[in-house]
Amino acid sequence: MSGLHQILVWIGEITGIIVVFGSCFALTTIAERKILGRMQNRFGPNRVGPWGLLQPLADGLKMITKEDIVPFSADKTLHFLAPLVLTVPIWLAFAVLPFGRNMSAIDLDAGILFFFAIGSASELAVFMAGWSSQNKYSLVGAMRAIAQMISYEVPLVLSTVPVLMLAGSLSLNDIVAAQGTHTYLGLACWNVFTPWGLAGFLLFLIAATAESNRSPFDLPEGESEIIAGFLTEYSGFKYALFFLGEYLGLFAMTGMAVTLFLGGWHAPFSWLEWVPSWLWFGVKFGALIFLFIWVRATLPRLRLDQLLNFSWRFLVPLCLINLLVAAVWFWTRGWNSVPALLIRWLLGAAFIVLPWHWLGQALRGPLPPPRKYTYAE
Amino acid sequence: MIAPSATLELGESGEPQLLEVSLGPQHPSTHGVFRMDVSLDGETVVKLKPVFGYLHRNHEKIAEKCSYLGSIPYTDRLDYICSLTNNWAYAMTVEKLAGLGVPERAEYIRVILSELTRLINHSALAGFLLQDMGALGTPLMYAFREREKILDLFESLTGARMMCNYMRFGGCRCDLPPGWIEQTKNLVANFPKFLDEFESLLTGNEILRARTEGVGVLTPQLAVNAGVTGPMLRATGVNYDIRKVDQYGVYGRFKFRVPLGERGDVFDRYMIRILEMRESLKILEQALRDIPAGPIIDPKAKLRNLRPKAGEAYGRIEGPKGELGFYLISDGGPNPYRYRIRPPSLINLTILEDMCLGRTIADAVVILGSVDIVLGEVDR
Amino acid sequence: MNGAGIIKGMIETARNFVGSYHDKARLTTVQYPEEKLPPVENARTIPFLVFDGDEAMAGLRCTACQICEKECPPQCIYIIKDPVKKPDYVGKMQIQPKVFDIDISVCMSCGICVEVCPFDAIKMDQVFELSTKDRFGALLLDKTQLAKPNDYFVKLHKTEASEIDVRRDDEKRKAEAAAAAKAAAPKPPAAPGGAK
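Residues numbered from 1 in each chain as written. Chains lettered and ligands numbered in written order. Predicted model: local features only at pLDDT ≥ 70, side-chain atom pairs only at ≥ 80, totals over all residues. Heavy atoms only, no water.

Residues and elements named next belong to chain C. Inspection of the sheet shows strand 2 (residues 77-87) paired to strand 3 (residues 93-103) by 8 bridges, in the antiparallel sense. Within strand 3, the residue paired with D82 across the bridge is Q96. What sits between strand 2 and strand 3 in their antiparallel hairpin is a turn of 5 residues, with G91 showing a positive phi close to 110 degrees. Bridge count for strand 3 against strand 5 (residues 140-141) is 2 bridges, and the pairing is antiparallel. Each residue of the ladder has a partner; that of I102, found in strand 5, is L141. (Pairing = 2+ DSSP bridges. Helix = DSSP H or I, 4+ residues; strand = E, 2+ residues; numbered from the N terminus.)

Below you can see the structure in the form of structure tokens.
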């Protein structure tokens, strides 16, 4: 009966993922609005249900009952398929993430490869949406969105390469297991506690923000000046599906960041290992989502050319230098005493901080002399 | 969602096509019903034509039928964010026309209210500029939080938050209620803290700097030739502030400085407004300290049936947006023969095209935000 | 340092977030209609007519002089005089309005009618929950809907109302004293064939 047992296990896992991340999506929409509200000195939605918790239900009902308008000259098949092409691959990407001890749906040997390949497949949906709408603005907006997403794929993948090199495997479970050792005071050896890990974590987060079209990189979806972007001609439930796909992409990226850099389901200290592992995963996940919302509330939007420059002239070189730092860290892996650790960190930091500074200056161009404001009496 | 209209035209010799876009009257960035017809070559702006008139309300013609007193509420609605400075400019012009004097206490009250108006205008502008850039309303909410306190002050004095209708010919409508001066002093004491918070949020922000530095540069010669006034002119480095030039009211008694910019780009205009807010706070401190007791309206001033002698007068003030002027011609009757407003927003808009040429469409929106227009004034 | 400005901005936002949970100044929302702001004495929305005593139409202070109608900038007041006169608060016969309508959809709350009224008959109200489903008829208020008692006026604008009341009581007492003096004074002897 093991075949039937296996199928039942799979069905259980799939249902679990859909239920958990579906409700996570609902909670995140309301949490985002309330957190944004609190940062802006106001309440978020709080009329529908206690603390506004039924707001996603109200939004969902609204989206479902809206009229579905398809432009007359649009390519109907592509227009219909685009939201599906966005959403379906992202659900697949959740299959490889380890949510807890022995809790990944599928244990692939090349889990990371699968994850990034599937994630890139959903970028096609953006172009399909723009093209099929037969609206010149959607097309131009979609092209900008594609340019942004392709440009930020490179730092996204490159920033994970040191992790793979040092863990020696492409399987996500192995990567999490490699972060399971502990050092002083029971502090876990997460990848983020190393210079290359910290830099890689930040680079990954920036690239993930850009991949999910969130502020400050929300040019495709925000009021991108005149063009409402590739989402112009979508209304009702298809719009809700785009929304869902975007948030799920964000969740997948966050899950990957937690897995690769924050030690997956490991506790931060060895004496906290009695707390269930999926709870640790959830806590780290929630903290990263809060960070994304916090960044969204603070920063204005970048212009497209500045965005592309930032990726190719700043993030990609830094990712490549990060490989060098990881190599130096690996080469000095025998040094265990405290002063030696300090030297390891200083070496790594120097290799990262100095290029960061120089690349930033090169990006900004020659700095104009500082502005003075004269005063007339 | 706006419905943009676009046509693709092919040049005669097959040169690159120009995309004509109409940033329509329903604007993504909320400055009112204003339209820009932009011709784009790829991403760069090749031609820009501002189209306005969507808010034209016949103010100048109505004033020819209303009495002089009856026009005062209509001037509130010109630049609806800064209603008190509009009132003052009109009252000053009629006082010039009719030869009325203003008692000292009224002059001090006028200065206090005008500087408070400058504060609310500049904080609203800083908030909206960042909203246009996509900062999702956070700086806007902070600016409005402070603005609310000033609007509460206006409500307790004049009865309304925005359409204040407070200045009269020869003085002010009613006296300050008890406790108003202490409340204002409190506000002035707490305002620098808000300005510091605002600056720490924004002025060092790399993204803000990247989007505003070098964008929309205006040279001093072009600004003077085009008749630009106000913070836009001072950001290019030209020292022209009507409070110092004319010294109308009792502005001659206050010590304050006029900040001047250097490069005339969007960042300079934003910084000049922040610095002007700090100078306004200085003026407010001095005025609140020195305000004398006394009558608030000239005893010779008549409320109804004011019939100034035949003649003309032009009165101007340094409004928060620039030089706001009223030109009145009287023929001895109860209504003016000609009532003309010099709207600073409209005059500042005339060089919008020159500032936007060669920049991308994204910059055009930011440049428009930095010009600080209010459509009530542009269209009257 | 690159990114320092962004970090400072984020600290600022975080301070507002944390502050919104314990500091009233960082969460300034007033949740209407459960919470309402206290009314401000000088606030003005639409005008109302003041009447003394208990009966609205008998105690109306308005004498239909039509000054407010002339001065109103958008001309939203419509007055028709009543040929029948009524006694006012000192006992003299005064003209009263037969029709006194204000179109509050046109009224722009400027308060000029209040400033020019010589009889303290029209004052500014503070009601703002005025929305109706009928766009035109329900927004044209006639004199029965506009009339409100003097006690209401005292509640709204305490300082102004008390000054006016003091003045009117004064005048009333003087008028009564004058009437009493006139009634008590001896009549002058009728001159035979004297000129009248």
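With that out of the way, let us pick up empty space enclosed by the protein. All names here are of chain A. For the structure on display, the rule yields 6 cavities of 30 Å³ or more. Taken as a whole, the largest cavity spans an internal volume of roughly 240 Å³. In this structure, the largest cavity is lined by 21 residues; those nearest its centre are I90, S122, M149, E211 and G249. Those elements that place two or more of their residues in the lining of the largest cavity are helix 3 (76-93), helix 4 (111-121), helix 5 (123-132) and helix 10 (237-261). (1 Å grid on protein atoms, 1.4 Å probe; cavity = no way out; pocket = protein on both sides within 12 Å on 5 of 7 lines; lining within 4 Å. Points joined across faces, edges and corners; volume = space filled by probe spheres on them.)

Let us now look at the interface of chain B and chain A. Across the boundary between the two partners, chain B contributes 52 residues, which contact 35 residues of chain A. Both faces combined, the contact of chain B with chain A buries some 3800 Å², and carbon together with sulfur accounts for 56% of it. Of all residues in chain B, L136(B), I207(B) and R263(B) bury the most surface against chain A, accounting for 15% of the area lost on that side. Connecting chain B to chain A are 1 salt bridge. In this structure, the salt-bridge partner of R303(A) is D363(B), at a minimum N-O distance of 2.8 Å. Summed over the shared surface of chain B and chain A, the number is 8 residue pairs in polar contact (both at pLDDT 80 or more). Contributing elements (two or more residues each) for the side of chain B that touches chain A: strand 1 (6-9), strand 2 (18-23), helix 5 (138-158), helix 7 (206-212), strand 7 (258-260), helix 11 (266-290) and helix 14 (361-371) of chain B. Here the side of chain B that touches chain A gets 6 residues from one element, more than from any other, and that element is helix 11 of chain B. For the side of chain B that touches chain A, the class distribution of residues is 29 nonpolar, 9 polar and 14 charged. (Contact = heavy atoms within 4.5 Å. Buried area = accessible area lost by both parts, 1.4 Å probe. Salt bridge = Lys/Arg side-chain N within 4 Å of Asp/Glu carboxyl O. Polar contact = N/O pair within 3.5 Å; in protein donor to acceptor, adjacent residues only side chain to side chain. Nonpolar A, V, L, I, M, F, W, Y, C, P; charged D, E, K, R; others polar.)

With that out of the way, let us pick up the environment of I35(A). Topologically, I35(A) is positioned in helix 1 (residues 2-39). Residue classification places I35(A) among the buried positions, given a relative accessible area of 15%. Taking the C-alpha atoms as reference points, I35(A) and Q179(A), 144 residues apart in sequence, are found 32 Å from one another. The contacts of I35(A), once residues within four sequence positions are left out, are F290(A), I293(A) and F17(C). (Buried < 20%, exposed > 50% of the residue type's maximum accessible area, 1.4 Å probe, protein only.)

A word on the interface of chain A and chain C. At the junction of the two partners, chain A supplies 21 residues and chain C supplies 18 residues. Surface buried jointly by chain A and chain C totals about 1700 Å² across both partners, of which 59% is contributed by carbon and sulfur atoms. A salt bridge links E34(C) to R47(A); its shortest N-O distance comes to 3.0 Å. One can count 6 residue pairs in polar contact (both at pLDDT 80 or more) joining chain A with chain C. Elements with a minimum of two residues in the side of chain A that touches chain C: helix 1, helix 11 (277-298) and helix 13 (338-364) of chain A. When residues in the side of chain A that touches chain C are grouped by element, the largest group, 6 residues, is from helix 11 of chain A. Looking at the side of chain A that touches chain C residue by residue, the classes come out as 11 nonpolar, 6 polar and 4 charged.

Before going further, it helps to examine the packing of helix 10 of chain A against helix 11 of chain A. All names here are of chain A. Following both chains from N to C, one finds helix 10 and helix 11 inclined at 120 degrees, their axes separated by 9 Å at the closest point. Relative to helix 11, the element helix 10 is oriented oblique. The two elements helix 10 and helix 11 cross, and the hand of that crossing is right-handed. Along the contact surface, helix 10 presents L250, F251, T254, G255, A257, V258 and T259, while helix 11 presents F281, K284, F285, L288, I289 and F292. A breakdown of the residues in the contact of helix 10 with helix 11 according to their chemical character gives 9 nonpolar, 3 polar and 1 charged. (Axes fitted to C-alpha atoms, helices over the stretch in contact; angles between N-to-C directions. Parallel < 35°, antiparallel > 145°, perpendicular 65-115°, else oblique. Left-handed = near helix turned anticlockwise from the far one by under 90°.)

With 122 residues, the main nonpolar core has L113(B), L116(B), Y270(B) and L352(B) as its most contacted residues. At 13 residues, the largest contribution of residues to this core is made by helix 11 of chain B. Discounting residues that sit within four places of it in the chain, Y270(B) has contacts with A126(B), L129(B), F198(B), L202(B), T203(B) and L208(B). One finds L36(A), F201(A), L248(A) and I293(A) within the second-largest nonpolar core, a separate group that totals 59 residues. (Core = buried A, V, L, I, M, F, W, Y, C linked by side-chain atoms within 4.5 Å.)

Moving on: the sheet that holds strand 5 of chain C. Spatially, 2-3-5 (chain C) is the arrangement adopted by the 3 strands of the open sheet, whose pairing is antiparallel. With one partner strand each, in any of the chains shown, strand 2 and strand 5 of chain C form the two edges of the open sheet.

Moving on, we get to the pattern of salt bridges. All names here are of chain B. Evaluation of the coordinates by the stated rule reveals 50 salt bridges over all chains. For E279, the salt bridge identified is with K282, shortest N-O distance 3.3 Å. Pair noted here: E279 and K282 are both in helix 11, with a separation of 3 residues, about one helical turn. For the salt bridge of R359 with D363, the shortest nitrogen-to-oxygen distance reads 3.3 Å. In this structure R359 comes out as partly exposed when scored by relative accessible area, which is 23%. Classification of D363 as buried rests on a relative accessible area of 1%. Three or more residues are tied together by salt bridges with common partners; here these are E115, R118, R234, D241, R243, E276 and E318.

Okay, the packing of aromatic side chains next. On inspection of all chains with the given rule, the structure shows 41 aromatic pairs over all chains. Seen from their ring centres, Y32(C) and F128(C) are 6.3 Å apart, and the 45 degrees between their planes marks the pair as tilted. Here Y32(C) is found in the loop between helix 1 (4-19) and strand 1 (47-51), whereas its partner F128(C) is found in the loop between strand 4 (122-124) and strand 5, with 96 residues between them in sequence. By relative accessible area, which is 39% here, Y32(C) ends up partly exposed. Between F48(C) and Y152(C) the ring centres are 5.5 Å apart and the planes differ by 75 degrees, which places this aromatic pair in the edge-to-face class. Of this pair, F48(C) sits in strand 1 while Y152(C) sits in helix 6 (residues 150-156), placing them 104 residues apart in sequence. As far as burial versus exposure is concerned, F48(C) and Y152(C) are alike and both buried. Put simply, the rings of F21(A), W91(A), F94(A), F99(A), F251(A), F281(A) and F285(A) touch in pairs and so form one group of aromatic residues. Above the plane of the ring of W329(A) lies R344(A), whose end atom (NZ or CZ) is 3.9 Å from the centre. Stacked on the ring of F144(B), the Lys or Arg R147(B) has its end atom at 5.1 Å from the ring centre. (Phe/Tyr/Trp six-rings, centres within 6.5 Å; stacked < 30°, edge-to-face > 60°. Lys NZ or Arg CZ within 6 Å of the ring centre and 35° of its normal.)

A separate point is the sheet that holds strand 1 of chain C. Residues and elements named next belong to chain C. Across the sheet, 3 strands lie side by side as 4-1-6; this open sheet has mixed pairing. The sheet is open, and its two edges are formed by strand 4 and strand 6 (147-149), each paired on a single side. Within the sheet, the average angular offset between the axes of one strand and its neighbour, ignoring direction, is 50 degrees.

What follows concerns the domain arrangement of chain A. Residue and element names in this part refer to chain A. Under the domain assignment used here, chain A contains domain 1 (1-65) and domain 2 (71-303). Centre-to-centre, using C-alpha coordinates, domain 1 lies 18 Å away from domain 2. Opposite the 16 residues of domain 1 that make contact, domain 2 presents 23 residues. Note on domain 1 versus domain 2: buried area summed over both sides is about 1800 Å², and carbon and sulfur give 84% of it. Summed over the shared surface of domain 1 and domain 2, the result is 2 salt bridges. A salt bridge links R296 to E32, with the shortest nitrogen-to-oxygen separation between them at 2.4 Å. Joining domain 1 to domain 2, the criterion identifies 4 residue pairs in polar contact (both at pLDDT 80 or more). Of all elements in the fold, only helix 1 and helix 2 (55-65) reach the threshold of two or more residues within the side of domain 1 that touches domain 2. (Domains from an automatic or database assignment.)

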